[in-house]
Structures are given as C-alpha cells and as structure tokens.
Amino acid sequence: MQAIRDAIALAMRVPDPQRPSQTIGRAKAGIYAFFDYDGEPIYVGQTAEGFSARIGRHLTGQRSDAVAKYVLDPFEVHTVSMWSLPLIGDMPAGQRKAALDPYEYTVYRQLLKESTFGAILNEGEIAAGPIQVLPRPVREVIIPDHIFPDRSHPDVRIARRAQTISLLAKNISERKVSKGLRRTLLTQTERLNSLARRRFEATEGVIELEEEEGSVGSPNLFSVDASYPSERLSGS
C-alpha cells in the first residue's frame, strides 16, 4: 500500500541522533525492533548494511527469511525502533556483525522484559553477550492514521494472526524445522489466545448478532500477500 510505503520512507528520513548529519535510513549499522498495535515487541534484528535496506526487506514484498517462513507478518508491524551505532558502521563490513551481536542481545533482553509473554517471534537464538549501554533510539509509527482503524481492529488482527499460525503450522508439518520455529508457533498461539480472550471479554457477555460479510475491514486485508509494496526504501 502506497501510504504505508510513504510512511516507512518518511521514518527513514528522520535524522540519526548519533550522527545528525545523516538520516537514520542511511545509518550503516544498528539494531532494530518491531512492535505490534498493542505496543508488544515482536521481533528484533541487526543490520550491517543500513536500516533502509534491511527493514525494507522485512516490511515490503521483497520478503526476508522471517517473512517467508511466516515467523513475521508485516501486517502486524505498527512501530519500528532503530538504534544507530555509527562507530560500528565505520568498521570494515566483515567486522560489523561480531560488534553488533552484544547490542542485539541487549535489546533482546530489554524486549523480553517488556513483553507480556516474555517472548518475541525470532526463530533463531540471539547470541548471549555482555550487556551494552544503548544509544537513544529512533521510534516511528509506520501506519498512517487513516489506515489505523481497519488495521488495528481486533477482529481483523485475530483473523490475520490465525491465518499466519495456520501457514506457519503447515510449513512445520511439511519439513524438518528448527526448535526455534516451533517456539515461534507457540508464542504466536499464545498471542492469538490473548487477543481473542480480550476481544471476547470486551463484549461483556453480550452475544452479538452476525453482520453481513465484509462489514469489518476489507477482504484483501487477509491475503497472504497483503504486505507492503516491494520497492527499496529511500533513506535520503
């Protein structure tokens, strides 16, 4: 959707707090995290190539491994946080990952404490390392206000999350997979149960009559391919 792509591109043009002469999208190295519509942390990663390129692969039709395996659904991402680490970005490319690892672990531990479920959706293990002092992050909402009501509606989110779980479970049933992927499935089912329970309790026991089909949101919101447009994001 063009409006979401524009919002992501705008987020990438925010000045980098650690190096204000450049935009955050052009920061060569750092840690990023995604949050859902409840502010729940759902994914953490690192980039040694720049936030625009890395986040673009997750949140557009370019597809990352996490999206392709149904670990991460771009539809669920409401907010992005980015911690720029310019001193690591200035290192030779081959040295950046090792330098980034302890920072990724630090953000990971922080997100686990923030999570209602004590878990996030990453399939892979985040390598343990010494806890680091984190710089001030850039935190940006990527869902425009006029899209928010449909995207955030609990019934839409329940349907989408159930679909993601179904696809993830199908993926697991058809091949030998990591234990981490099974952990992701468990975390997703807990997240679905929590959302469905909150939605049920919000009705206060009133049994609602069914409305005509399509009354909430738009049918194409539930398409497997209803992620964001597949163009590289600009950090200029």
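These notes cover the structure that comes with them. (Residues numbered from 1 in each chain as written. Predicted model: local features only at pLDDT ≥ 70, side-chain atom pairs only at ≥ 80, totals over all residues. Heavy atoms only, no water.)

Of regular secondary structure, the chain possesses 8 helices and 6 strands. Secondary structure elements of the chain occur, N-terminal to C-terminal, as α-β-β-β-β-α-α-β-α-α-β-α-α-α. When the 236 residues of the chain are sorted by exposure, 47% land in the buried category. Look at the contacts in the chain between residues 6 or more apart in sequence, and 75% of them connect residues 24 or more apart. Within the structure as shown, the chain displays about 12,000 Å² of accessible surface, and the carbon and sulfur contribution to it stands at 52%. (Helix = DSSP H or I, 4+ residues; strand = E, 2+ residues; numbered from the N terminus. Buried < 20%, exposed > 50% of the residue type's maximum accessible area, 1.4 Å probe, protein only. Contact = heavy atoms within 4.5 Å. Areas by Shrake-Rupley, 256 points an atom, 1.4 Å probe, with all protein chains shown as cover.)

Our focus in this paragraph is the pairing of strand β2 (residues 19-23). In terms of strand pairing, strand β1 (residues 15-16) meets β2 through 2 bridges, oriented antiparallel. Pairing of D16 across the sheet is with R19, part of β2. Here β1 hands over to β2 after 2 residues, the two strands then running antiparallel side by side. (Pairing = 2+ DSSP bridges.)

Here the focus is the pattern of salt bridges. This structure, assessed with the given rule, holds 16 salt bridges. The salt bridge involving D101 is made with K97; its shortest N-O contact spans 3.1 Å. With D101 and K97 both in helix α5 (residues 93-114) and 4 residues apart, the pair spans about one turn of that helix. In this structure, R183 and E125 form a salt bridge, with 2.8 Å as the shortest nitrogen-oxygen distance. Highlighted residues: R183 in helix α8 (residues 179-202) and E125 in the loop between α5 and β6 (138-141), separated in sequence by 58 residues. Judged by its relative accessible area of 65%, E125 is exposed. Connected through shared salt-bridge partners, D36, D38, E76, R157, R161, R191 and R198 make up one network. (Salt bridge = Lys/Arg side-chain N within 4 Å of Asp/Glu carboxyl O.)

What is shown is where atoms sit, not what they do.
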